[in-house]
Each structure stands twice: as C-alpha cells, then as structure tokens.
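# Fold and contact review
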Amino acid sequence: MTAGATHRSRLALMLMTLAALAGVILFSGLGIWQVQRLHCKTDLIARVEARLAAAPVAAPGPADWAGVDAQADEYRRVEVAGRYDFGAELLAKAVTGQGSGYWVMTPLVTDAGWRVWVNRGFVPDDRREAGARSQPAGEVRVTGLLRISQPGGGFLRANDPAAGRWFSRDVAAMSAAQRIEAAPYFIDADAQPGPDLLPVGGLTVVSFRNSHLSYALTWFAMAIGLAGGAWYALFRRPADAD
C-alpha cells in the first residue's frame, strides 16, 4: 500500500470514528432526554390522579385568578354555588364517546357575585335547542373539574364569535362576546342524576399519552447498535490475517 493510500485510509478511519462517536452521543442524549420527559410525565400523572381523588375545594375567586395555571390547577376538583345565567349560554363544538354534538357552556353567577363559565355537559347535534335540555332555576351547587381556558379554536378551525361558532372553550373570548367578566378558567361539571338528562356531564377524558420509556429504549438501542457496529468495523481482524 502506498503512503498516499495509507493516509487516505487513516483519514477515512478517523472520519468514520468521529461520525460514529457523534452518533452515539446524539442517540444517548436523546435517550436521556426521553428519560427526563418520562419522569416529568409520571409526576404529572401522579399529581393529576391525586387531584381527581381529592375532595372538592372552593373554586378560586377573583383574588386567586392571577395564580391559576395548568401545572398547579388543571383537573383540580372544585365546587361553587350560585345561579346560572342562561341568557349568556353558548354552545361549543364537541366530539365525545357519545358522538358529535356540543358542550353547553353557561356562566354561573356565584353567591359572592363573580362569574365562572361552567361546562354543564354534552348535547347531541339534534338536541341543541335550549328547550331540549334542563335549565335549573334558583341556586345550584356545581361540583366538577377546573379546566384551563382553550384559546384560539379547535378541530383545525378558529372560533368565530361574531357568528356564534365555537370550536374550543375560550373563556376570555366567550366572556367578551357576551359582555361579561368571568374567571379565567371554566369548570367541567360532574354528571347529574337522572336517566336521559341533558346536558350529560361528567364526560371529561383525563388521559396522558406516555410512550417516553419505549422512545428512550429505542434511542439507547440505536446508540448501542452504532457503537457496536463501529467497534466491529474498527477492530475486526482482516480476512487475510490467518
């Protein structure tokens, strides 16, 4: 082998080694990142499960609104008493296990005087008229899950307040459309007793996709496979060594 060929061979070997090392570092880093995300997701699931199992607490009032956020409060069980303002009721498009329809969003005027939007539950497409669902008069006590506002829209469509078309439960936009001031969150109301009672509450789906362990194992396997392949390519005995 000439000196030039030897030099090129060493250069190629060095480049291959550097590429393999970079690949192993990259795949290992991605695996570690997925492990970190796994820990965060596991912690989130544990916190949400604890909130779901806890006794209801008073819904946050105006003094606490600034501190309400998803990490600390989403899916917390809350309760509040007041009277529904059916004149400001809105319907937001929904797809549930019961089919396509709408969430019935109704402001509740609390005993303390402030308002909060309540998702009273689901009605199918053919039962959207106000007369097809219950409208309890007088004071009611609502128990349910605190949910964070959903700005913008959903189902790949933007909310259209002027036309009364809502594809997400954007409480700020809904409050502006109805010219009221309300809490920056809404409440998914629990199911109410009674057969065939509309709207149907208690349909909140609390589910978190958690595939981070399988992703981490995949990245680590790729790192090990690359390292093993590079080791074999660099240190295997030449075929004519015997």
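We now turn to the structure provided with this report. Note that the structure is a prediction, hence the values are computed from the model and not measured.

What counts, and at which threshold
Residues numbered from 1 in each chain as written. Predicted model: local features only at pLDDT ≥ 70, side-chain atom pairs only at ≥ 80, totals over all residues. Heavy atoms only, no water. 1 Å grid on protein atoms, 1.4 Å probe; cavity = no way out; pocket = protein on both sides within 12 Å on 5 of 7 lines; lining within 4 Å. Points joined across faces, edges and corners; volume = space filled by probe spheres on them. Nonpolar A, V, L, I, M, F, W, Y, C, P; charged D, E, K, R; others polar. Core = buried A, V, L, I, M, F, W, Y, C linked by side-chain atoms within 4.5 Å. Buried < 20%, exposed > 50% of the residue type's maximum accessible area, 1.4 Å probe, protein only. Helix = DSSP H or I, 4+ residues; strand = E, 2+ residues; numbered from the N terminus. Contact = heavy atoms within 4.5 Å. Expected span 1.5 Å × (residues − 1). Salt bridge = Lys/Arg side-chain N within 4 Å of Asp/Glu carboxyl O. Pairing = 2+ DSSP bridges. Polar contact = N/O pair within 3.5 Å; in protein donor to acceptor, adjacent residues only side chain to side chain. Arc of directions from axis to C-beta. Patch = residues over 30% accessible without salt bridge, like charges linked within 9 Å, V, L, I, M, F, W, Y side chains within 5 Å. Areas by Shrake-Rupley, 256 points an atom, 1.4 Å probe, with all protein chains shown as cover.

### Topic: the layout of surface pockets
Considered as a void within the structure, the largest pocket measures approximately 210 Å³ in volume. Forming the boundary of the largest pocket are 13 residues, of which Y84, R120, P136, V142 and Q192 lie nearest the centre. Counted by class, the lining of the largest pocket contains seven nonpolar, three polar and three charged residues.

### Notes on the nonpolar core
In a soluble, globular protein the nonpolar side chains are often hidden away together inside. Ranked by internal contacts, the top residues of the largest apolar core, which has 17 residues, are V80, L108, V116, V142, Y185 and I187. For this core, the elements supplying multiple residues, two or more each, are β2 (77-84), β5 (115-124), β6 (140-148) and β9 (185-189). In contact with Y185, not counting residues within four places along its chain, are A59, P60, W65, V68, W114, V116, W117, L146, R147 and V171. M105, F122, V171 and F186 belong to the second-largest nonpolar core, a separate cluster that totals 13 residues.

### Description of helix α4 (residues 212-235)
With 24 residues, α4 extends 34 Å between its outermost C-alpha atoms, agreeing within 8% with the 34 Å of an ideal straight helix rising 1.5 Å per residue. Within α4 the residues assigned to the buried category are H212, A216, A223 and A230.

### Let's talk about the pattern of salt bridges
Enumeration according to the criterion identifies nine salt bridges in this entry. Among the salt bridges present, the one from R120 reaches E89, with a minimum N-O distance of 3.0 Å. Of this pair, R120 sits in strand β5 while E89 is found in the loop between β2 and β3 (90-96), placing the two residues 31 residues apart along the sequence. Owing to a relative accessible area of 12%, E89 belongs among the buried residues under this scheme. Measuring nitrogen to oxygen at the nearest pair gives 3.4 Å for the salt bridge that ties D188 to R169. Of this pair, D188 sits in strand β9 while R169 sits in the loop between β8 (157-158) and α3 (171-178), and the two are 19 residues apart along the sequence. For D188, a relative accessible area of 3% translates into the label buried.

### Regarding the pairing of β3
The buried fraction of β3 is high, at five of seven residues. By the bridge criterion, seven bridges tie β3 to strand β4 (residues 99-110) in an arrangement that is antiparallel. By the bridge assignment, A94 is partnered in β4 with G101. The hairpin turn running from β3 into β4, its antiparallel successor, is two residues long.

### A word on the side chain of R169
Owing to a relative accessible area of 9%, R169 belongs among the buried residues under this scheme. At 3.4 Å, the side chain of R169 and the side chain of D188 are in polar contact. Contact partners of R169, with chain neighbours within four places excluded, come to A92, W103, M105, N119, R147, S149, Q150, M174, F186 and D188.

### A word on the environment of G99
Position of G99 among the secondary structure elements: in strand β4. Spatially, the C-alpha atoms of G99 and D125 are 8.7 Å apart, while their sequence positions differ by 26 residues. With residues near it in sequence (within four places) discarded, G99 still touches A94 and F122.

### Description of α3
Residues spaced three or four apart along an α-helix point in a common direction, a consequence of the helix completing one turn every 3.6 residues. Inspection of α3 places V171, M174 and S175 among the buried residues, and these make up the whole buried set. Each buried residue of α3 sits inside an arc of 100 degrees when the element is viewed along its axis, so together they form one side. In α3, the exposed positions that point more than 90 degrees away from the buried face belong to A172 and A176. Close packing links the buried residues of α3 with β3, β4, β5 and β9.

### Examining the environment of Q34
Tracing the backbone shows Q34 in helix α1 (residues 3-53). Through-space distance from the C-alpha of Q34 to that of H212 is 5.4 Å; in sequence the pair is 178 residues apart.

### Section: a nonpolar patch on the surface
A grouping of L11, M14, L15 and L18 is seen on the molecular surface, where their side chains present a nonpolar patch of about 370 Å² in accessible area. For M14, the location among the structural elements is in helix α1.

### Here we look at empty space enclosed by the protein
For the structure on display, the rule yields one cavity of 30 Å³ or more. Lining of the largest cavity is provided by W103, N119, G121, D188, A189, V200, G201, G202, L203 and T204. Going through the elements one at a time, β5 and β9 are the ones with two or more residues in the lining of the largest cavity.

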